[in-house]
Amino acid sequence: MEKFFWADAIADKIIKEKGKKKQYVCASGITPSGTIHIGNFREVITTDLAVRALKDKGKNVRFIYSWDDYDRFRKVPANVSKDYEKYIGMSVSGIPSPFGKGSYAEYFEKEFEKSLEKVGIKPEFIRQSLMHKKCKYALLIKKALDKKNEIKKILNKYRKDSLKKSWLPLNVYCEKCKKDFTKIINVKGYIIEYECDCGFKGKFDYRKKGIVKLSWRTDWPARWTYEKVDFEPGGIDHSVQGGSFMTGKEIAKKIFNYSAPLYQFYEWVRIKGGKEFASSSGNVVNLNDVLEIYEPEILRYIFVSTRPNKGFAISFDNDVIKIYDEYDDLEHRYYEGLASAQEKRIYELSQVKEVAKKKPEKMSFKHLITLVQIGKAKGKRAKKVKNWLENYASEDFRFELQEKIKIKLDTKQKQALKALKESLAVKDFTEDELFNEFYNICEAVDIDVKEFFEGAYEVIIGKIKGPRLASLILAVGKGKIIKLLEKVK
Ligand SMILES: [Zn+2]
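In this text, all values refer to a predicted model and were calculated from it rather than measured experimentally. (Residues numbered from 1 in each chain as written. Predicted model: local features only at pLDDT ≥ 70, side-chain atom pairs only at ≥ 80, totals over all residues. Heavy atoms only, no water.)

Chemist: I keep staring at the coordination of the zinc ion and nothing clicks. Help me out?
Modeler: In ideal tetrahedral geometry, four donors around a metal make angles of 109.5 degrees, whereas ideal octahedral geometry with six donors gives angles of 90 or 180 degrees. The protein atoms that coordinate the zinc ion are Cys 174 (SG), Cys 177 (SG), Cys 196 (SG) and Cys 198 (SG), at distances of 2.2 to 2.3 Å. Viewed at the metal, the four donor atoms of the zinc ion are separated by angles of 103 to 115°, and the geometry they form is tetrahedral. On the basis of relative accessible area, Cys 196 is assigned to the buried category, the value being 8%. (Donors = N, O, S within 2.8 Å, 3.2 Å for Na, K, Ca; no water. Tetrahedral: all angles 85-135°; square planar, octahedral: opposite > 155°, others 65-115°. Buried < 20%, exposed > 50% of the residue type's maximum accessible area, 1.4 Å probe, protein only.)

What follows is the structure, given as structure tokens:
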């Protein structure tokens, strides 16, 4: 066990590396090129946790999330019409939404923003399409153009083929066709001359017309500089030797005179069980899919309790029960004062809102599996259980309360079930008492215990196995069970 919880250790490191500041800036972001995968959620929650840890140390923090929606539309995702191929080369914010009003980028941005709110993550969103349209990066673009050869040198260190002599660290979106199949003919100060594959030729001042965009490896460090970013996590693609973080760090220092943010690598997240999310169908698992079966606090808990550099799988299979139990157990120990310092932090940071003063009343996921199926459960967690049963649970967990007797019972089973009916009619049992009564009945009737249970399950839920019988009978209510057992003839 480490001494400090990982998010607190990150916060300490930020303060140590960046020194005392009036405000710390923590960033995260993505190109809304399609549905945002749960794997990418790991990035924003890593930032969220660093933000919370800094705030818990009394620091003032700005949490920004960059929608890189001035990036080009590169590829049509599988869940979007093939007609969208005609938009390749335009910016993702410059093409229509595939599923309703607004732009393509907006659709996927809204989808993600809404689900982030449910897990208590509320960054300040920055739309790069707007920043560019307002020409906010003109000065940084000028610097990059002035020092293009230095940038080229940095990038070439890690490239097999050197960049062409004519290479520039930016692209122009054509004013006529809105695509970036353009070639820059001349740059003079703030004036760029270009021609496009569509035949259009243009000349503009990029302080007045925001149609240029720095290419990713220069764009990222330019934005760190602009927003004065102190911390940002990144996935494997940015983290490798010679990857965009490494070159970005050097470009930030040498071109923009800015010290790169503290960086945290995060490992990819896998999905276990449940639906087949074939990549060819484009049905990526997003935050909402996970929230269909996990409470927001438990979803946070899954991420909080694993260090960002460790991979893990989000379970949709029967492990869901185990994860709910694990969280409930942590909650219990938290309120009983039995949690370790690390566990306390995990619990606190798993909360969507502030930690409740009193332990929240909850029923276990497992118990709810029974209650939901006999129609006796309501509330937030019951809804998750229902979704899980309908979409992901294995057959063993599913049952349906019977109204008629559909099987043939043998004589001893009939006798035993009649005895059970009589016992239920005369006495109110606790779960333990009822469990003992089953054995009394078996002994009296001289029936094999297994046969008794199988018969009882068949009559009540139409299959030979099910949740604990005593608890099932009490949950359904003895009145209903007696009525059912009266049908045993
Ligand atoms: Zn054009």
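Chemist: Please clarify how the domain arrangement of the protein should be interpreted in this entry.
Modeler: How big an interface is tends to be reported as the loss of accessible area on association of its parts. The domain architecture assigned to the protein consists of domain 1 (6–163 + 215–265), domain 2 (365–397) and domain 3 (411–485). In this structure, domain 1 and domain 3 have C-alpha centres spaced 61 Å apart. (Domains from an automatic or database assignment.)

Chemist: Please clarify how the pattern of salt bridges should be interpreted in this entry.
Modeler: It is possible for side chains of opposite charge to pair when their charged atoms get near one another. Applying the stated criterion across every chain yields a total of 38 salt bridges. Asp 8 is the salt-bridge partner of Arg 345, the closest N and O atoms lying 2.8 Å from each other. Of this pair, Arg 345 sits in helix α13 (residues 341–350) while Asp 8 sits in helix α1 (residues 6–18); the two residues are 337 residues apart in sequence, bridging distant segments of the chain. Grouping residues by exposure puts Arg 345 and Asp 8 together as buried. Glu 390 is paired through a salt bridge with Lys 386; the nearest N and O atoms lie 3.3 Å apart. Taken together, the positions of Glu 390 and Lys 386, both in helix α15 (residues 380–391) and four residues apart, correspond to about one turn of that helix. (Salt bridge = Lys/Arg side-chain N within 4 Å of Asp/Glu carboxyl O. Helix = DSSP H or I, 4+ residues; strand = E, 2+ residues; numbered from the N terminus.)

Chemist: I'm lost on the packing of aromatic side chains in this one. Help?
Modeler: Any pair of aromatic rings gets described here by the distance separating the centres and the angle formed by the planes. Following the criterion strictly, the structure yields 43 aromatic pairs and no others. Ring geometry for Phe 73 against Tyr 84: centres 6.4 Å apart, planes inclined by 75°, an arrangement best described as edge-to-face. Linking Phe 73 in the loop between β2 (61–67) and α3 (104–118) with Tyr 84 in the loop between β2 and α3, this pair joins segments that are 11 residues apart in sequence. Side by side, Phe 73 and Tyr 84 carry an identical accessibility label, which is buried. With 6.2 Å between their ring centres and 45° between their planes, Tyr 194 and Phe 200 make a pair best called tilted. According to the relative accessible area criterion, Phe 200 is partly exposed, its value standing at 26%. (Phe/Tyr/Trp six-rings, centres within 6.5 Å; stacked < 30°, edge-to-face > 60°.)

Chemist: Explanation requested: a positive patch on the surface in the structure shown.
Modeler: Judged by side-chain charge, Lys 376, Lys 404, Lys 406, Lys 480, Lys 483 and Lys 487 come together as a positively charged surface patch. On the secondary structure map, Lys 487 appears in the segment after α20 (478–485). (Patch = residues over 30% accessible without salt bridge, like charges linked within 9 Å, V, L, I, M, F, W, Y side chains within 5 Å. Areas by Shrake-Rupley, 256 points an atom, 1.4 Å probe, with all protein chains shown as cover. Lys, Arg positive; Asp, Glu negative; His and termini not counted. Charge placed at Lys NZ, Arg CZ, Asp CG, Glu CD.)

Chemist: For this particular structure, what's the right way to read the environment of Val 476?
Modeler: Considering the arrangement of structural elements, one finds Val 476 in helix α19 (residues 469–476). The buried category is assigned to Val 476, whose relative accessible area is 7%. Between the C-alpha atoms of Val 476 and Gly 375, which are 101 residues apart in sequence, the distance is 8.8 Å. With sequence-adjacent residues up to four places away left out, Val 476 is seen in contact with Ile 374, Lys 376, Leu 401 and Ile 481. (Contact = heavy atoms within 4.5 Å.)

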